[in-house]
Amino acid sequence: MTRSLNGRVAVVTGAGSGIGRAIALRLAEDTARIAIWDINAAGAEETAALIRAQGGTALAIAADCSDKAAIQAAADRTRAELGAIAILVNNAGIAPFTPFLDTDDDLFDRVIRINLRGPWLVTRQCLPDMLAAGWGRVINITSSSVQTGSPAQGHYVSSKGGLVGMTKALALEFAPTGVTFNMIPPGFIDTPMLRAAPIDADAFAATLPMKRIGQPEDIAAAAAYLASEEASYITGQVISTNGGRYMGSH
């Protein structure tokens, strides 16, 4: 079922590949105009080309989504070329595997800067447009590792746990305004990031209740629902899209 987003402008960070690309393609299918913000310029352009090929509107912007000046410039260009921002998907992030005692301060700071400070800054930049319109959607891509833990990822899980808390706090603060804040913690999803991780993806998939790896389109479908008019009474919530890996309320 296609849900019309009436040409609203959606910013998807980290949409040059993987889950972000799938979300951008799906929101474009649902008639949003897409701004792709990604540090990988070539990947962003490729995603934009895919959207245009299916008849959609897309703008690719090379930007470090943890850099305040880059975020400001990306937002200014998005507004100038597409219009006011109505939907934000904070998807950009990194997920290194490093044993706790081998994680130096610089790496920890980098993970926090990209995975937590980045969404904080991007949200601050985009939210005024939504408040002015009395309508907005902020969708934060968190991680099932917050629900289950993940060895050698203390820095990553800490950053994503912070994003969970931020989502709930902002959901409460802005609940009366028409702007919702929700989160999707992907489970085991087949992306370039997963394939580059030091784990046997296929062997792990066999341990999941559904016995298979999820696809980026599974996350995109959840994002499309949260971005839709139909999700107007949902805020501060988690849609765990994980093939049954974790069944819980947070």
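Thresholds, definitions, all that
- Residues numbered from 1 in each chain as written.
- Predicted model: local features only at pLDDT ≥ 70, side-chain atom pairs only at ≥ 80, totals over all residues.
- Heavy atoms only, no water.
- UniProt positions renumbered as here; feature names shortened; annotations may be inferred.
- Core = buried A, V, L, I, M, F, W, Y, C linked by side-chain atoms within 4.5 Å.
- Buried < 20%, exposed > 50% of the residue type's maximum accessible area, 1.4 Å probe, protein only.
- Contact = heavy atoms within 4.5 Å.
- Salt bridge = Lys/Arg side-chain N within 4 Å of Asp/Glu carboxyl O.
- Helix = DSSP H or I, 4+ residues; strand = E, 2+ residues; numbered from the N terminus.
- Expected span 1.5 Å × (residues − 1).

The protein chain appears in an unreviewed UniProt entry as 3-oxoacyl-ACP reductase FabG from Novosphingobium aerophilum. Recorded in UniProt under Sequence similarities (unreviewed entry), the annotation for the protein chain is "Belongs to the short-chain dehydrogenases/reductases (SDR) family."

Q: Sorry if this is basic, but what is going on with the nonpolar core here?
A: Buried together is how nonpolar side chains tend to be arranged in soluble globular proteins. If you look at the biggest cluster of nonpolar residues, it comprises 33 residues, and the most contacted ones within it are Ile23, Leu27, Ile34 and Ile87. Apart from residues lying up to four places away in sequence, Leu27 is in contact with Leu5, Ala10, Val12, Ala32, Ile34, Ile87, Val89, Ala223, Ala224 and Ala227. In terms of nonpolar packing, the next biggest core, distinct from the first, is built from 28 residues, Ala35, Trp37, Ala74 and Val122 among them.

Q: Even after reading the chapter, I still don't get the pattern of salt bridges, so can you show me in this structure?
A: Opposite charge on two side chains makes pairing possible when the charged atoms of those side chains draw close. Counted according to the given criterion, the structure contains six salt bridges. In this structure, the salt-bridge partner of Arg8 is Glu229, at a minimum N-O distance of 3.1 Å. One end of the pair, Arg8, is in the segment before strand 1 (9-13); the other, Glu229, is in the segment after helix 9 (216-227), with 221 residues separating them in the sequence. Arg21 is paired through a salt bridge with Glu46; the nearest N and O atoms lie 2.9 Å apart. Taken as a pair, Arg21 in helix 1 (residues 18-29) and Glu46 in helix 2 (residues 41-53) lie far apart in primary sequence, 25 residues in all. Classification of Glu46 as partly exposed rests on a relative accessible area of 46%. Salt bridges here are not isolated pairs; linked through shared partners, they connect Asp76, Arg79 and Asp129.

Q: So what exactly am I meant to see when it comes to helix 6 (residues 154-173) here?
A: Because an α-helix completes one turn every 3.6 residues, residues spaced three or four positions apart along the sequence face the same direction. In a regular helix each residue adds 1.5 Å, so 20 residues correspond to 28 Å; helix 6 covers 29 Å between its end C-alpha atoms and thus fits that length. Buried residues of helix 6: His155, Tyr156, Val157, Ser159, Lys160, Leu163, Val164, Met166, Thr167, Leu170 and Ala171, and no others. Those residues of helix 6 hidden inside the fold are in contact with helix 4 (105-133), strand 5 (136-141), helix 5 (145-148) and strand 6 (179-184).

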